[in-house]
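Residues per chain are reported as follows:
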Amino acid sequence: MIKFTNVFKAFPKGGLALKDVSFHIAKGEFVFLTGHSGAGKSTVLKLVYAEEPATSGEVRVSGFNLAEARRKDIPRLRRRLGIVFQDFRLLEDRSAEENVAFALEVTGARRASIPARVMRVLTQVGLAAKAQAYPRELSGGEQQRVAIARALVNEPTVLLADEPTGNLDERATRGVFQLLRDINASGTAVVMATHDLDLVRQAPYRVIELQEGALVFDSAVDERRDEAASP
Amino acid sequence: MNLVFREALLAFRRAPLLSALSVTTIAFSLFVVGLFGLVAVNLQQALRDVAERVEIVAYLLPGAPIETVTLAQKDIEAFPEVQAAAFVSEDQALQRARTELVEFRDVLQELERNPLPASIEVKLKPRFRDAEHVNDVAERLRGFGFVDDVRFGRDWVEKLDRLRQIAAAVGLVVGAAFAAVAIIIIGTTIRMAVLQRSREIAIMRLVGATDGFVRRPFLLQGAFKGMLGGLVAVGLSYGAYALINRWLIHAAFFSREQAVAIVGFGMLIGFVGSAASVGRHLRRV
Ligand SMILES: Nc1ncnc2c1ncn2[C@@H]1O[C@H](COP(=O)(O)OP(=O)(O)OP(=O)(O)O)[C@@H](O)[C@H]1O
Ligand SMILES: [Mg+2]
C-alpha cells in the first residue's frame, strides 16, 4: 500500500535527505520509523503525503504513483491518509469538534452527516466530554487526541504519525500510543516516526531504521534473513 | 456554497481588526481615486457648460426670401450635428439689440433704417461642440446662396478643444496612477490577510482540501471587503462633495452609474487581489 523503490531525496539547499530507500508497507501494518534526529524520518512521511516530491525512485501510495500525480490529485490522496504531528496543528480558534468537523467540511461531506461522525471519532479517542473545548483549554495529550480524531474522521487506510508523542509526558505518551494501537487493531495501518526506543521495544511491531538518509534496518526483512541464516 | 459564505463571514469575526483594516485601506484608497474622479467630473461639467455657449451664426443677405430661408432652416435642423436652428429676423435682431445694449438705446431708437441683418443661429448637439464639427457645419452654412457670412468664435472653440484634450490626458494618467496605487495598497492588505491565515491554509491542505476550496472563501471575502470599501469611499466622497458644495463652489457629484462603478471597482480589486494573493501563496506551498 506504501511502496518506496530506490527513493532518493535531495533538498535544494542541504544534501541528500534520503539515499536509495526501498520498503513496502502492507494494509493494516503497524510500522515504527526510527533513527536519530536528521536521519530522514519526517522526509519519508512528507514523501508519502506528497508534501515533497522524490528526487528519483518510485513512491506508490494507495494506488497513486506520486511521480505521476498532479497537484490536483493530491487532495484525493490526502483524504485517504490521516496525518498527525508532534505539534498537533489544531486551529486555535475552533473547538475540538469544529477542528474535527473541519476535515470533513473540507472534503465536501454531506453536512447532515457531520455531527454524528465527529462525535463518533471523538468518542473513539476518549474526548467526547471535551468536544466544545478549545485547544488552549486542553492538555497536550488531549490536543493530540483531537488531532488523531481529525485524522481518523475521513476513515483513512493509513495513519501517518510524525513523533506524535514527542511533546507529551510519559503518561500521555502511553495513552496516545495505546490509542494508535487500538486504531491499528481495527484495521488501519499506522506508520509512526519516533525516537522513543522504550515505546518501540514495548510492542512487537515492525521497525524501519534510517541513518543519515539510508535505510539501515527493516525488521520485516532482516529478521526473516536472520531466521533463514540460523540453522 | 453555504459553507463558503460561512467561512468568509467567519473571517470577519475571527480577525475583526485585520478585516476592518483591509476595509479601511480599500475605502481610503478608493476615496482618493473618488476625489480625483470628483475633480474630473466637475471639470467635465465646467467644460460642458462652457461648450453650451458654442453657437454658429449665419448672417443672411438682405432681402433673402423668407420662404427659402424657412425651408433652409428646416434643412439645417436636419443636419445630424444640429440640435436647434433659430431664425432671427431683422426686426427681432434690432429688438434684441435695444434690450441688450442699453447704452445705445437712443442711437438705436433714432435709426431710420434697420442696419442689422437677419440671421440663423445654430446650436450643435453636445458631442459635436468641437472645432472640427463647428468648422464643418459653418462651411455647409456658407454654401447656402442667401448666407452672407458665418461667424463663430474660432479661436475660442479651438482653445476649448485643447482644454478638453489636456483634461482627458491628465485625467487618464493621474487616474490610472491613483488606481494603480490603490490596487497595490489593496493587494498588500489582502496578502496580509492571506499570510495571517497561512497556518489554516496549510492545515486545510493537509486534510485534503482542494485549491479551489481553499481559494473560494478568500475570493468571496475579498470581493465583500472591496464592496464595503467602495461603499465607504463613495460615502466619504459624498461628504467631501457636500463640504465643497457648501463652503467653496457649486460642484457636481457622481451620477448613480459612476457611484456604482466605484463600488464595482472596489469589488473587482478585492476579488482579483485575493485571487492573485491566494494563487501566489498556494503555488509556494
Ligand atoms: N525543507 C528542507 N530543506 C532543506 N533540507 C531539509 C529540509 N527538510 C529536511 N531537510 C534535511 O533533511 C534531513 C532529514 O530531515 P528530517 O526532517 O527528515 O529528519 P528527521 O529524521 O525527521 O529528524 P527529527 O528526528 O529531528 O525530526 C536533515 O538533514 C534536514 O536538515
Ligand atoms: Mg522529524
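What counts and how
- Numbers given to residues run from 1 along each chain, matching the order in which its sequence is written.
- Each chain gets a letter, beginning with A, and each ligand a number, beginning with 1, in the order they are written.
- Local features in this predicted model are restricted to residues of pLDDT 70 or higher, and side-chain atom pairs are both shown and tallied only at a pLDDT of 80 or more, whereas totals for entire chains, interfaces and linings draw on every residue.
- To get the side-chain values, take all heavy atoms of the structure and skip hydrogens and water.
- Only runs of H or I of at least four residues qualify as helices and only runs of E of at least two qualify as strands under DSSP, and these elements are numbered from the N terminus.
- Computation of the radius of gyration draws on C-alpha atoms alone. For the globule rule, the value is 2.2 Å times the number of residues to the power 0.38.
- Think of it in three bands: with a 1.4 Å probe and only protein chains considered, a residue is buried below 20% of the maximum accessible area for its type, exposed above 50%, and partly exposed in between.
- Within this scheme the basic residues Lys and Arg register as positive and the acidic residues Asp and Glu register as negative, but His and the chain ends are omitted.
- A single reference atom marks each charge: NZ on Lys, CZ on Arg, CG on Asp, CD on Glu.
- Scored between 0 and 100, pLDDT is the confidence that the predictor attaches to each residue.
- Two residues form a contact once any of their heavy atoms are found within 4.5 Å.
- Summed over both partners, the accessible surface that disappears when two parts come together, traced with a 1.4 Å probe, is what is meant by buried area.
- Salt bridge, as applied in this entry: a Lys or Arg side-chain nitrogen positioned within 4 Å of an Asp or Glu carboxyl oxygen.
- Definition of a polar contact: a pair of N or O atoms within 3.5 Å, with one able to donate and the other able to accept a hydrogen when the atoms are protein atoms, and with sequence-neighbouring residues admitted only if both atoms are side-chain atoms.
- Following the grouping adopted for this structure description, the nonpolar residues are Ala, Val, Leu, Ile, Met, Phe, Trp, Tyr, Cys and Pro, the charged ones are Asp, Glu, Lys and Arg, and the polar ones are all others, Gly among them.
- Take the buried Ala, Val, Leu, Ile, Met, Phe, Trp, Tyr and Cys residues and link them wherever side-chain atoms come within 4.5 Å; each set so joined is a nonpolar core.
- At least two bridges found by DSSP between two strands is the condition for calling them paired.
- For helices, the fitted axis covers only the stretch in contact; all axes are lines through C-alpha atoms, and the angles between them, taken along N-to-C directions, range from 0 to 180 degrees.
- Note on aromatic pairs: the rings of Phe, Tyr and Trp (six-membered ring only in Trp) are paired at centre separations within 6.5 Å, and the planes decide the class, stacked below 30 degrees, edge-to-face beyond 60, tilted for the rest.
- Any Lys NZ or Arg CZ found within 6 Å of a ring centre and within 35 degrees of that ring's normal is scored as a charge over the ring.
- Proximity criterion: a residue is near a molecule or strand once any of its heavy atoms comes within 4 Å of it.
- For the area figures, the Shrake-Rupley method with a 1.4 Å probe applies, and any residue is considered shielded solely by the protein chains shown.

**Digging into the overall build of chain B**
So, step 1. A tally of helices and strands in chain B yields 10 helices and four strands.
So, step 2. When its helices and strands are written in sequence order, chain B yields α-α-β-α-β-α-α-β-α-β-α-α-α-α.
So, step 3. In summary, chain B has a C-alpha radius of gyration of 30 Å against a globular reference of 19 Å for 285 residues, an excess of more than 25%.
So, step 4. Burial analysis of chain B (285 residues in total) assigns 42% to the buried set.
So, step 5. Counting 33 positive and 28 negative side-chain charges, chain B places the averaged centre of each group 23 Å from the other.

**Notes on the confidence of the model for chain B**
Residue and element names in this part refer to chain B.
So, step 1. Mean pLDDT over chain B works out to 84, with 98% of the residues at or above the 70 mark.
So, step 2. When pLDDT is averaged over each helix and strand of chain B, the minimum, 71, is found for helix H1 (residues 2-14) and the maximum, 90, for helix H8 (residues 198-206).
So, step 3. Interface confidence for the predicted complex, given as ipTM, is 0.87, next to a pTM of 0.75.

**With respect to the interface of chain B and chain A**
So, step 1. Taken together, the 18 residues of chain B in the interface contact 21 residues of chain A.
So, step 2. Of the roughly 1,800 Å² buried where chain B meets chain A, counting both sides, 53% is carbon and sulfur surface.
So, step 3. Ranking the residues of chain B by area buried against chain A places B:Ile203, B:Leu206 and B:Val207 at the top, with a combined share of 33%.
So, step 4. Of the charged contacts in the structure, one is a salt bridge between B:Arg199 and A:Glu92, with a shortest N-O distance of 3.9 Å.
So, step 5. Here chain B and chain A share six residue pairs in polar contact (both at pLDDT 80 or more) between them.
So, step 6. Those elements giving two or more residues to the side of chain B that touches chain A turn out to be H1, H8 and helix H9 (211-247) of chain B.
So, step 7. Class assignment for the residues of the side of chain B that touches chain A results in nine nonpolar, two polar and seven charged.

**Concerning the environment of B:Glu158**
So, step 1. If you trace the backbone, B:Glu158 turns up in helix H7 (residues 154-196).
So, step 2. Between the C-alpha atom of B:Glu158 and that of B:Asp130, which follows or precedes it by 28 residues, the distance is 7.4 Å.

**What to know about the nonpolar core**
Residue and element names in this part refer to chain A.
So, step 1. Judged by nonpolar contacts, the single largest core of 66 residues is most densely connected at Phe32, Ile148 and Met192.
So, step 2. Tallying contributions element by element places helix H3 (residues 96-106) first for this core, with seven residues.
So, step 3. Dropping the residues within four chain positions of it, Ile148 is found in contact with Val84, Val125, Val176, Leu179, Leu180 and Ile183.
So, step 4. The next biggest cluster of nonpolar side chains, apart from the first, holds 34 residues, and it includes Met1, Val7, Ala39 and Leu210.

**Comments concerning the sheet that holds strand S2 (residues 82-88) of chain B**
Residue and element names in this part refer to chain B.
So, step 1. Strand order in the open sheet formed by four strands is S2-S3-S1-S4, with antiparallel pairing between adjacent strands. Strands with a single pairing partner mark the edges of an open sheet, and in this sheet they are S2 and strand S4 (147-151). Looking at each pair of strands side by side, their axes are set apart by 20° on average, direction ignored.
So, step 2. Where strand S1 (residues 56-60) meets S4, four bridges bridge the pair, whose relative direction is antiparallel. Residue pairing across strands places Tyr59 opposite Asp149, the latter belonging to S4.

**Details of the packing of aromatic side chains**
So, step 1. A complete count under the given rule lists 14 aromatic pairs over all chains for this structure.
So, step 2. Centroid distance B:Tyr238 to B:Tyr241: 5.4 Å. Interplanar angle 50°. Geometry classified as tilted. With a gap of three residues between them, B:Tyr238 and B:Tyr241 both fall in helix H9, about one helical turn apart.
So, step 3. The exposure class assigned to B:Tyr238 is partly exposed, which follows from its relative accessible area of 45%.
So, step 4. Residue class for B:Tyr241 comes out buried when judged on its relative accessible area of 14%.
So, step 5. Joined through ring pairs, the aromatic side chains of A:Phe30, A:Phe32, A:Phe177 and A:Tyr205 make up one cluster.
So, step 6. Above the plane of the ring of A:Phe11 lies A:Lys9, whose end atom (NZ or CZ) is 5.1 Å from the centre.
So, step 7. In this arrangement the basic side chain of B:Arg140 is found over the ring face of B:Phe79, its NZ or CZ atom lying 4.6 Å from the centre.

**Quick word on the pattern of salt bridges**
So, step 1. A complete count under the given rule lists 21 salt bridges over all chains for this structure.
So, step 2. In this structure, the salt-bridge partner of A:Glu29 is A:Arg206, at a minimum N-O distance of 3.1 Å. Here the residue A:Glu29 occupies a position in the loop between strand S2 (16-25) and strand S3 (30-34), and A:Arg206 occupies one in strand S9 (residues 206-211), the gap between them amounting to 177 residues.
So, step 3. Its salt-bridge partner being B:Arg96, residue B:Glu121 comes within 2.7 Å of it at the nearest N-O pair. Of this pair, B:Glu121 sits in strand S3 (residues 119-124) while B:Arg96 sits in helix H4 (residues 90-100), placing them 25 residues apart in sequence.
So, step 4. With relative accessibility at 16%, the residue B:Glu121 sits in the buried group.

**Let's talk about the site of ligand 1**
Residues and elements named next belong to chain A.
So, step 1. In the region of ligand 1, 13 residues are neighbours, and Ser37, Gly38, Lys41, Ser42 and Thr43 sit closest.
So, step 2. Between Lys41 and ligand 1, the recorded distance is 2.7 Å, taken from a side-chain N or O atom to an oxygen atom.
So, step 3. Relative to its unbound accessible surface of 630 Å², ligand 1 loses 62% to contact with the protein.
So, step 4. Considering every element that reaches the shell around ligand 1, the biggest residue donor is helix H1 (residues 41-48), with three residues.
So, step 5. Residues of the shell around ligand 1, tallied by class, amount to three nonpolar, seven polar and three charged.

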